[in-house]
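Listed below, chain by chain, are the residues.
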Amino acid sequence: MKLKAPVYSIAMLSSAMLAYEILLMRLFSIIQWHHFAYMIISLALLGFGASGTFVSIFQKAFSKRFTTIFLINIILFSVSSTGCFLLAQSISFNPDEILWDRQQPLRLLGIYLLLALPFFFAANAIALALTRFHQSIARIYAFDLFGAGLGCLGVVLLLFVTLPLQALLIIGCMGLTAAALATWELKADGRGWIFAILILISAGMMVIDSRSQLKLSPYKELTQMLRIHGAEVVSEHSSPLGLLSVLQNHAIPLRHAPGLSLNATGEPPEQIGVFTDGGSMTAITRETGNPADYAYLDQITSAAPYHLFQPAHVLILGAGGGSNILQARYHAAHQIDAVELNPQLIKLLREDYADFTGNLLNTEKMTIYQGEARGFVSEAGKQYDLIEIALLDSFAASSAGLYALNESYLYTVEALQAMLKKLKPDGYLAITRWIKLPPRDSLKLFATAVDALKKSGVEDPGRQLMLLRSWQTGTLLIKNSPVTTDEINALKTFASARAFDLDWHPDIQPDETNRFNRLAESYFYQAAVAILSDQRATFFDRYKFDLQPATDDRPYFFHFFKWSVLPEILSLRESGGLSLLEGGYLVLIATLAQAIAASIILILLPLFFTATQKPSINAINKGQVITYFSAVGLAFLFIEIAFIQKFILFLHHPLYAVALVLTAFLVFAGLGSGFSWRLLKSRLYQRAITLSITGIILLGLLYMLFLQSIFSLFMSSAIIFKIPLTIILIAPLAFFMGMPFPLALAKLSEAAPGMIPWAWGINGCASVVSAVLATLLAISVGFNAVILLALLLYGVAWFSFPVKLGAKTTSLTQ
């Protein structure tokens, strides 16, 4: 009996696999840090590359027992998706020690290989199906991509209603459902026994999941806080935006006031800590009814603008637990607008802890908006006297460089320009950051503000800037007009009374700086002078950290690492080199090295081994296969990752961007693959590949030229309109991008079916490298450059489309 391709089980398996990939990003953001997301993408693709090699070596044996091997691999995916994560989270890994402790790279490798296993098993099943049913490659590939797209969207919705570990169990059960579908589609023998085994496995997974819990890194802030006597997590609230952990301590009450003046005599009232993914703590403060209890809010650097003038209308970007709202209220602001991304944090303040905070958010003077800060600024129709960007990230993670890969559209030149436009004529923009030594954050922010003012038409930016710092925090004040002498004198009085240092104001003298929190030299003042001078480029080139302003094309404000400093870091391994490191960037580099090594082991060495086999007269040229599928693998991921980042700016929400862009790319690439099946009937492979790659290159160039203008035109539109517009914008490009891979696979199926697993593996391993490499390139040269490189790679693929050895060369436009 002739079997049909098990396309429905493949769609379900792909859905589970992509859902697992996105869930792993969330899980590792909780137990480790954000930068592990890039490793997850890479290891997922490593599983695909390894499967291509594995199936290629054993394809003859597997083809004889296709149904059994196919089912076993799906079941192994289901079991390992839960088991491998639980094992991986038990491996103690600290990115800060990666150059100091030789065990750390090995532990990272252990995590990497463990988590690649589920993807390896799922990819085995798909590669087996492509080999066994090579006449239906385009149809299988279409169902594969369509299912993957639904998985991307489905897991986001799933995380709104379940905790991460519960979602992990559901995804494992989706894999078992795929096995059940395959049993039905392939009409496997002993179906009753197979269904019984699947039920038993699901029951076992439920038991294991119920007894498991997330193990946060011992180096995360929440783990450290829980070591304090009396500290306990009283509630948890999960969503795709983060896992909120509410911490309370009745024995030793929490006191959180970053950068509090050393001259301060008071302390905060009782507070409750709220951690996002085990870090980035914000404090909810008890309402006592006594205004004097909040005098501490006047003893931190962010209080400075309230001493320069009386702002009537204040906008706070990043409400957090409400500290900046309390500060504005303490200084008698008439109207306060605040923006907060996470609706669950708003609910905590508005409902769960409304009595504790004295209904902080439920007053006539207070308006809270749920949304992303940059998006709110773009859409807001109001003008403000003061706009504040709150300090919500963690000092520990920030100082360790763990935000180095965290793209942020809040601290770019274009973002500051947009905020300045929302200020009234004499209004202020106030931004508070952690003070790190050697200096970096405050200096990069200062340089970004200088560029923003220049691009806004200001001839002398230094006349509109003021910078002050405490022992722990620094605040940059950007005025929408030149600073007056009275304002400078008011700032001097404010800073002197609180032992804060002035690092820049328009009339500053060197002896006014570095008075209280003394450094060996007045580094902040010297840097400010250099940044405002004609020697700026030389200063940037010689400085230990990358201080080039962030832009919307390179939104990596927290990236400071310079390769030229690496020898110095290595020489200082034993004597303080840690302060020059960025842990997140190091993990990315280590992941790239592992990806390259894995690609060599999985592709180059097996190819070298099999090259001794004599090719047949009509065999496909292996060099062309390697070049073509490597180029397509690199290019697809380059464009996909660049578009995810670009659409974060447009959609104002990373969750929407990841879900929508991935779903659109995968679904419409699947439709493109399905359409390529019609082209294949005519056997005009060259004409079909020319059509698809020409479409990709033309659309890619058009997007590079006009996408930013389209964003600007519709930036203030409602999200309900932006969602379909995003899909419409991505659909044509994704449609054409779905064609090159199945077209070449179909050519192989006709001329050399035995090379299909190799093509699958080569493409997967190229994608392994591209997932990490795209991020490194974006940090260095920007997203547009990454897209341009991807288009060049598609051009390379066009020229290297596989043809038979000995065949006459035909025109690609024939």
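Everything below is about the structure shown above.
Nothing here was measured: the structure is a model prediction, and the numbers come from that model.

Thresholds applied
Residues numbered from 1 in each chain as written. Predicted model: local features only at pLDDT ≥ 70, side-chain atom pairs only at ≥ 80, totals over all residues. Heavy atoms only, no water. Salt bridge = Lys/Arg side-chain N within 4 Å of Asp/Glu carboxyl O. Buried < 20%, exposed > 50% of the residue type's maximum accessible area, 1.4 Å probe, protein only. Helix = DSSP H or I, 4+ residues; strand = E, 2+ residues; numbered from the N terminus. Patch = residues over 30% accessible without salt bridge, like charges linked within 9 Å, V, L, I, M, F, W, Y side chains within 5 Å. Areas by Shrake-Rupley, 256 points an atom, 1.4 Å probe, with all protein chains shown as cover. Pairing = 2+ DSSP bridges. Axes fitted to C-alpha atoms, helices over the stretch in contact; angles between N-to-C directions. Contact = heavy atoms within 4.5 Å. Left-handed = near helix turned anticlockwise from the far one by under 90°. Nonpolar A, V, L, I, M, F, W, Y, C, P; charged D, E, K, R; others polar. Core = buried A, V, L, I, M, F, W, Y, C linked by side-chain atoms within 4.5 Å. Lys, Arg positive; Asp, Glu negative; His and termini not counted. Charge placed at Lys NZ, Arg CZ, Asp CG, Glu CD.

Asks: Got a minute to help me understand the pattern of salt bridges in this structure?
Replies: Where side chains of opposite charge bring their charged atoms close, a pairing between them can arise. Across all of its chains, the model carries 18 salt bridges by this definition. A salt bridge links Asp 441 to Lys 436, with the shortest nitrogen-to-oxygen separation between them at 2.6 Å. Accessibility expressed as a relative area gives 1% for Asp 441, which makes it buried. Arg 536 is the partner of Asp 451 in a salt bridge, and the nearest nitrogen-oxygen pair spans 2.9 Å. Taken together, the residues Asp 451 in helix H14 (residues 441-455) and Arg 536 in helix H17 (residues 536-542) connect sequence positions 85 residues apart. The pair formed by Asp 451 and Arg 536 is uniform in burial state, with each residue classed as buried. Three or more residues joined by partner-sharing salt bridges are found here, namely Lys 347, Glu 351 and Asp 352.

Asks: I would appreciate a short explanation of the environment of Ile 197 in the present structure.
Replies: The residue Ile 197 is located in helix H7 (residues 191-210) in this model. For the pair Ile 197 and Leu 176, spaced 21 residues apart in sequence, the C-alpha to C-alpha distance is 9.9 Å.

Asks: Sorry if this is basic, but what is going on with a nonpolar patch on the surface here?
Replies: Residues Leu 153, Leu 157, Phe 160 and Val 161 make up a contiguous nonpolar surface patch of roughly 400 Å² in combined accessible area. Considering the arrangement of structural elements, one finds Leu 157 in helix H5 (residues 137-161).

Asks: Hey, could you run me through the sheet that holds strand S9 (residues 423-434) in this one?
Replies: Strand pairing within a sheet occurs via backbone hydrogen bonds; the two strands may be parallel or antiparallel. The eight strands are arranged S7-S6-S5-S8-S9-S11-S10-S12 in an open sheet whose pairing can be described as mixed. A strand with exactly one partner marks an edge of an open sheet, and here the two such strands are strand S7 (366-370) and strand S12 (501-504). With strand direction ignored, the average angle separating the axes of adjacent strands in the sheet is 20 degrees. As paired strands, S9 and strand S11 (residues 473-479) are joined by seven bridges and run antiparallel to one another. Counted as the bridge partner of Ile 431 is Leu 476 from S11. Set on the sheet, helix H13 (residues 413-421) makes contact with strand S5 (313-317), strand S8 (384-389), S9 and S11; between it and S9 the angle comes to about 140 degrees.

Asks: So what exactly am I meant to see when it comes to the packing of H5 against helix H24 (residues 740-751) here?
Replies: Each packed pair of helices is defined by two parameters, the angle between the axes and the distance between the axes. Close contact between H5 and H24 brings their axes to 9 Å; oriented N to C, the two are set at 145 degrees. Judged by the sense of rotation from one axis to the other, the crossing of H5 with H24 is right-handed. Along the contact surface, H5 presents Ile 137, Ala 138 and Tyr 141, while H24 presents Phe 741, Pro 742, Leu 745, Ala 746 and Ser 749. Residues that form the contact of H5 with H24 fall into these classes: seven nonpolar, one polar and no charged.

Asks: Explain the nonpolar core to me, please; I cannot follow it from the model alone.
Replies: Grouped burial of nonpolar side chains is what soluble globular proteins tend to show. Core analysis: the biggest nonpolar cluster contains 166 residues, and Phe 85, Phe 629, Phe 643 and Phe 647 have the highest contact counts within it. Considering every element that reaches this core, the biggest residue donor is helix H20 (residues 622-651), with 20 residues. If we skip the residues at most four places from it in the chain, Phe 629 touches Phe 741, Ala 744, Leu 745, Leu 748, Ala 759, Ile 762, Asn 763 and Ala 766. Counting 100 residues, the second largest nonpolar core, distinct from the first, contains Ala 304, Ile 325, Ile 346 and Leu 360.

Asks: Would you take a moment to explain the pairing of strand S2 (residues 242-249) for this structure?
Replies: On a regular strand, each side chain points to the face opposite its neighbour's, so the side chains alternate between the two faces of the sheet. Counting buried positions along S2 yields eight of eight residues, so the element is predominantly enclosed. Residues Gly 242, Leu 244, Val 246 and Gln 248 line one face of S2 and the alternating positions Leu 243, Ser 245, Leu 247 and Asn 249 line the opposite face, and both faces are buried. From the end of strand S1 (residues 231-239) to the start of S2, which pair antiparallel, there are two residues. Pairing geometry for S2 and strand S3 (residues 271-276), over four bridges, is antiparallel. Across the sheet, Val 246 pairs through a bridge with Val 274, a residue of S3.

Asks: Explain a positive patch on the surface here, please?
Replies: A surface patch of like charges, here positive, comprises Lys 4, Arg 139, Lys 187 and Arg 191. On the secondary structure map, Lys 187 appears in the loop between helix H6 (164-185) and H7.

Asks: Hey, could you run me through the sheet that holds S1 in this one?
Replies: Read from one edge of the open sheet, four strands run S1-S2-S3-S4, paired in antiparallel fashion. The open sheet is flanked by S1 and strand S4 (279-285), the only strands paired with a single partner. Taken over all neighbouring pairs, the strand axes of this sheet differ in orientation by 25 degrees on average, direction set aside. Two strands pair when backbone bridges link them, and S1 and S2 are joined in this way by eight bridges, in the antiparallel orientation. Pairing of Ser 238 across the sheet is with Leu 243, part of S2.

Asks: Looking at this model, I keep getting lost on unusual backbone geometry. Mind explaining?
Replies: Glycine aside, a negative phi is what most residues show, and trans is what most peptide bonds show. Of note, the bond from Leu 437 into Pro 438 is cis; its omega dihedral lies within 30 degrees of zero at -5 degrees. Structurally, Pro 438 can be placed in the loop between S9 and H14. Despite not being glycine, Lys 187 shows a phi value in the positive range, around 50 degrees. On the basis of relative accessible area, Lys 187 is assigned to the partly exposed category, the value being 48%. Phi at Asp 277 takes a positive value of approximately 55 degrees, unusual for a residue other than glycine.

Asks: Looking at this structure, how should I read the pairing of S11?
Replies: Among the seven residues in S11, seven count as buried, and that is most of the element. Strand direction decides the pairing type here: strand S10 (residues 465-469) and S11, joined by five bridges, are antiparallel. Residue pairing for S11: Arg 469 is matched across the bridge by Gly 474. Here S10 folds back onto S11, and the loop between the two strands holds three residues.

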